[in-house]
Amino acid sequence: MLSGACATPEFLMYMNYFIGLEFGQDYYLNENVVVDSSKKQRTLDKVITDHFEQIVYSINQPTGARNFQAVFWFVE
């Protein structure tokens, strides 16, 4: 259980690792390549941005375990 702010500086390293596994180690050179096979035709940049936004949104949801307050999350 957390009380107050928490920092997870290793999060970006982990995210980089898993993005590299999925899209190749040189994914940052191909940010405008379309990687979504759905009708949206999202680029790699948009896919990564959408995943990061979902993570931030999910972590910042208030929960009953914290008296319905959201955490204050630092990504350094």
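Residues numbered from 1 in each chain as written. Predicted model: local features only at pLDDT ≥ 70, side-chain atom pairs only at ≥ 80, totals over all residues. Heavy atoms only, no water.

Please clarify how the overall build of the protein should be interpreted in this entry.
Check the secondary structure of the protein and you find two helices and two strands. Moving toward the C terminus, one meets the helices and strands of the protein in the order β-α-α-β. The buried share of the protein, reckoned over its 76 residues, is 18%. Accessible surface for the protein amounts to roughly 6000 Å². Of this, 57% is attributable to carbon and sulfur atoms. (Helix = DSSP H or I, 4+ residues; strand = E, 2+ residues; numbered from the N terminus. Buried < 20%, exposed > 50% of the residue type's maximum accessible area, 1.4 Å probe, protein only. Areas by Shrake-Rupley, 256 points an atom, 1.4 Å probe, with all protein chains shown as cover.)

Please clarify how the packing of helix 1 (residues 11–23) against helix 2 (residues 44–59) should be interpreted in this entry.
The packing of two helices is summarised by the inter-axis angle and the distance between the axes. In contact at an axis separation of 12 Å, helix 1 and helix 2 are set at 140° when each is read in the N-to-C sense. The orientation of helix 1 relative to helix 2 falls into the category oblique. Between helix 1 and helix 2 lies a crossing of right-handed hand. For the pair helix 1 and helix 2, the contacting residues are F11, L12, M15, I19 and F23 in the first and L44, V47, I48, F52 and I55 in the second. Grouping the constituent residues of the contact of helix 1 with helix 2 by class yields ten nonpolar, no polar and no charged. (Axes fitted to C-alpha atoms, helices over the stretch in contact; angles between N-to-C directions. Parallel < 35°, antiparallel > 145°, perpendicular 65-115°, else oblique. Left-handed = near helix turned anticlockwise from the far one by under 90°. Contact = heavy atoms within 4.5 Å. Nonpolar A, V, L, I, M, F, W, Y, C, P; charged D, E, K, R; others polar.)

Teacher, can you tell me more about the packing of aromatic side chains here?
Each pair of aromatic rings is reported with the distance of its centres and the angle of its planes. Applying the stated criterion to the full structure yields three aromatic pairs. Aromatic side chains F11 and F52 sit 6.0 Å apart centroid to centroid with 45° between the ring planes, which places their arrangement in the tilted category. With F11 in helix 1 and F52 in helix 2, this pair connects stretches of sequence that are 41 residues apart. (Phe/Tyr/Trp six-rings, centres within 6.5 Å; stacked < 30°, edge-to-face > 60°.)

Looking at this structure, I do not really get the nonpolar core. What am I missing?
Across soluble globular proteins, nonpolar side chains have a tendency to be buried as a group. Of all hydrophobic cores here, the largest spans eight residues; its members are F11, M15, I19, Y27, L44, I48, V71 and W73. Contributing elements (two or more residues each) for this core: helix 1 and helix 2. At three residues, helix 1 tops the list of elements feeding residues into this core. Every residue in contact with F11, bar those within four places of it in the chain, is listed here: F52, I55, W73 and V75. (Core = buried A, V, L, I, M, F, W, Y, C linked by side-chain atoms within 4.5 Å.)

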